[in-house]
Amino acid sequence: MLLPVLKAILPGWKAKAPLAIKIMALAFVFSLLAQRVPCVGDYLDEETLNRMRQREVYLQEQMTKLLLEIEEMEVARSRMGMQALLFALLPYWKIFNFLCLFILLFWFMWKIHREFQRVEDSSDEESSSSEEEQQQEQQEEQQEQQEEQQQQEEGVEEEQPFFLPGALWSIQSPQVNTEHTLLLLSELIAISQYLVSDTFYPVPQHPIGVGGAYEGWYPVEHEPVLCVLVPLLAPRGHVFHPDLSTIGELPAKNSRIHVALECTCGREQEMGMQCFLHASAEELRNQQPSLLHNLCTDSCLDVEKTARWFLVLIRNAWKCIPASATCSMNVVLSRRSCRLRVRNIFRSTSIKLVFGVQQDNTDIFLSSQETDYQEPGGTPSTIWPQSCAVAEAKFFQHVASHAEDDHFHFRCMQVCAYILSGHNFSTYELKTVFMHLLNAIPLENWHERYFLLQMDDIFRYLRCCVEEKRLNHFLIGNEDVPAEIILPQDFRESEPLNLFQHLAQDPDKHEQALQELERLEDRLTSMLIYGK
């Protein structure tokens, strides 16, 4: 009786009643059902048991649905609460953004104010400068205007900006790290000194860079060769006696180096040797032979023997330096020198090593460089011609120390060396012209804005020398050589050496030199106009 009534009421009531009331109603229904269950002894009849099971399943399903509805309602309420919170914070977020924009605007205004204040301070400082400085500036401006007027009156225009890059930038020589090369060679020489310390071979000294690369300029080449002179000192118990040419020419081309033995009696323990002059043959038997037996020919130091000995020495020294782990070195023997090629990951450097013996305490050396002097049967290996390379390199260093930072005069030399390439004038003749001009013209005039003027001076000077058939050597017989360069007395007292003596002796060569000079001037004009 109760079940049909519940079935009729439950659907509509379930939709309208609140959730808590629904739960209480279900609990009440369960209690009624429990009271309506008939008891038949200790067990229920089969039909009633089946109905109860069905009702139990139904009620469990309803209970599950109610729980799901409760969870959904809780989730909906939490979402609504979060949205309400966000809507409540929205006005504050707008206020925060406004504050950030205000702070950023204030920072920009502060920066602009500081910049204006700095400009005003600098203008105040400039306005507070003394009247004397203003007068000096006015005088300098007047002097510059006068110089410009003088240049215009002479008919020589100043260099236009587009000339210089076309003339100079296109002929840049490959960059070579000359200082790094000298450091590497210094390490090799230091180890070589240790290797020969207990022998009677010459003692190599600190290397000296010579030639264009170490003078600040060098001709344009695909692979420049660095020239380094290695001074040699006589070993213990020996003395070097330079024997200059008897012809009287300077620099002497057929000089020799005589090797003499020195008495070391009383200093045997200090020097670690027996005296070669006064020790007995038995005492000298346990001692290494003297330099006269190793590298000399007829008591004169032999260039070719010295080069072969130094090749072996430098190879042994290379194995002992740290650079050998990352670089490779190939040593090639020349007749009077050694050629080194040092390679690493980034570059390859070619080095020419020549040897020299210093003449007294001057900057002149007797070197192993090649010479044009010929004797019957060829140049003997005992010839050590006088070399001015160290003195000339020292002169360019002296000029660089007093010049401006850009060293524009060296770039002018590179331009001229580029123009001379393939012509009969030698690079040494060009360098001599430059040394005379650098010694005569104030260094402040060697500036980029005076490029055309300087090039005009160079070719005018060269033309005068060719027409007069005379170009004086810079170091011989020149009273204007800087005092920093130490020269032998005969260099200073001698008559100036004429490098164009061959033009005076041969009219055909003189005429050819004049024609060659005209071609050089045409090439310079073409390079300035067309940049090549």
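Computed from a predicted model, the values in this text were never measured in an experiment. Once a new chain begins, its residue numbering starts again from 1 and follows that chain's sequence as written. Side-chain atom pairs in this predicted model are given and counted only at pLDDT of 80 or more, local residue features only at pLDDT of at least 70, and totals for whole chains, interfaces and linings cover all residues. To obtain the side-chain values, all non-hydrogen atoms of the structure were used and water was disregarded.

**Student:** It is not clear to me how a negative patch on the surface should be interpreted in this structure. Could you clarify?
**Tutor:** Grouping into patches uses exposed residues only, defined as over 30% relative accessible area, and leaves out salt-bridged ones; the cut-off is 9 Å for like charges and 5 Å for nonpolar side chains (Val, Leu, Ile, Met, Phe, Trp, Tyr). For the area figures, the Shrake-Rupley method with a 1.4 Å probe applies, and any residue is considered shielded solely by the protein chains shown. Salt bridge criterion: a side-chain nitrogen from Lys or Arg within 4 Å of a carboxyl oxygen from Asp or Glu. The sign given to each residue is positive for Lys and Arg and negative for Asp and Glu; His and the chain ends receive no count. Each charge is placed at NZ for Lys, CZ for Arg, CG for Asp and CD for Glu. Among the surface-exposed residues, Asp 508, Glu 511, Glu 518 and Asp 522 lie close enough to one another that they form a single negatively charged patch. For Asp 522, the position within the fold is in helix H18 (residues 507-530). Only DSSP runs of H or I covering at least 4 residues are called helices, and only runs of E covering at least 2 are called strands; the numbering of each starts at the N terminus.

**Student:** How should the side chain of Glu 429 be read in this particular structure?
**Tutor:** Locating Glu 429 in the fold gives a position in helix H14 (residues 427-440). Burial classification: accessible surface area is computed with a 1.4 Å probe over protein chains only, and a residue below 20% of its type maximum counts as buried, one above 50% as exposed, and the rest as partly exposed. Buried Glu 429, no salt bridge; nearest opposite-charge side chain is Lys 509, N-O distance 10 Å. Only heavy atoms enter the contact rule, under which two residues are in contact if any of them lie within 4.5 Å. In this structure, Glu 429 is in contact with Leu 471, Leu 499, Phe 500 and His 502, ignoring residues within four places of it in sequence.

**Student:** Can you help me understand the side chain of Ser 368 in this one?
**Tutor:** Within the secondary structure layout, Ser 368 lies in the loop between strand E11 (365-367) and strand E12 (386-387). Among the residues examined, Ser 368 registers a relative accessible area of 1% and is labelled buried. Between N or O atoms, a polar contact is any pair within 3.5 Å; within protein, one atom must be a potential hydrogen donor and the other a potential acceptor, and residues adjacent in sequence are included only when both atoms are from side chains. Separated by 3.0 Å, the side chain of Ser 368 and the backbone oxygen of Arg 336 make a polar contact. The residues contacting Ser 368, other than those within four sequence positions of it, are Val 303, Arg 336, Val 354, Phe 355 and Trp 384.

**Student:** In this structure, what is going on with the packing of helix H12 (residues 389-402) against H14? I would like to understand it.
**Tutor:** Angle between the axes and distance between the axes are the two parameters that describe a pair of packed helices. Axis definition: a line fit to C-alpha positions, over the contact stretch in the case of helices; interaxial angles, taken between N-to-C directions, run 0 to 180 degrees. The interhelical angle for the contact between H12 and H14, taken along N-to-C directions, is 40°, at an axis separation of 12 Å. Here H14 runs oblique to H12, going by the angle between their axes. When the axes of H12 and H14 are compared, the crossing they make is left-handed. Residues Glu 392, Phe 395, Phe 396 and Val 399 of H12 form the contact with H14, whose participating residues are Tyr 428, Lys 431, Met 435, Leu 438 and Asn 439. For this classification, the nonpolar set comprises Ala, Val, Leu, Ile, Met, Phe, Trp, Tyr, Cys and Pro, the charged set comprises Asp, Glu, Lys and Arg, and every other residue, Gly included, is treated as polar. When the residues that make up the contact of H12 with H14 are grouped by side-chain class, the tally is six nonpolar, one polar and two charged. Note on angle classes: values under 35 degrees are labelled roughly parallel, values over 145 roughly antiparallel, values of 65 to 115 roughly perpendicular, and the remainder oblique. Crossing handedness is defined as follows: a turn of the near helix away from the far one that is anticlockwise and smaller than a right angle gives a left-handed crossing, while the clockwise case is right-handed.

**Student:** Help me understand the state of the cysteines in this model?
**Tutor:** Between two cysteines, a covalent bond joining their sulfur atoms is known as a disulfide. We call a pair of cysteine sulfur atoms a disulfide whenever their separation is within 2.5 Å. Evaluated as defined, the whole model comprises zero disulfides. With no disulfide of its own, Cys 412 lies closest to Cys 416 among cysteine sulfurs, the gap being 7.0 Å.

**Student:** Got a minute to help me understand the pairing of strand E8 (residues 328-333) in this structure?
**Tutor:** Remark: a regular strand shows side chains that alternate across the two faces of the sheet. Strands qualify as paired when DSSP identifies two bridges or more between them. Sheet analysis places E8 next to strand E9 (residues 338-343), joined by six bridges and oriented antiparallel. Across the sheet, residue Ser 328 finds its bridge partner in E9, namely Arg 343. Connecting E8 to the next strand, E9, in antiparallel fashion are four residues.

**Student:** What's the story with the pairing of E9 in this structure? I'm lost.
**Tutor:** Only one face of E9 is covered, namely the face carrying Cys 338, Leu 340 and Val 342; the face carrying Arg 339, Arg 341 and Arg 343 is uncovered. In this structure, E9 lies alongside strand E10 (residues 348-358), joined through six bridges in antiparallel fashion. Paired with Val 342 across the two strands is Thr 349, which belongs to E10. In this structure, the hairpin formed by E9 and E10 is closed by a connection of four residues.

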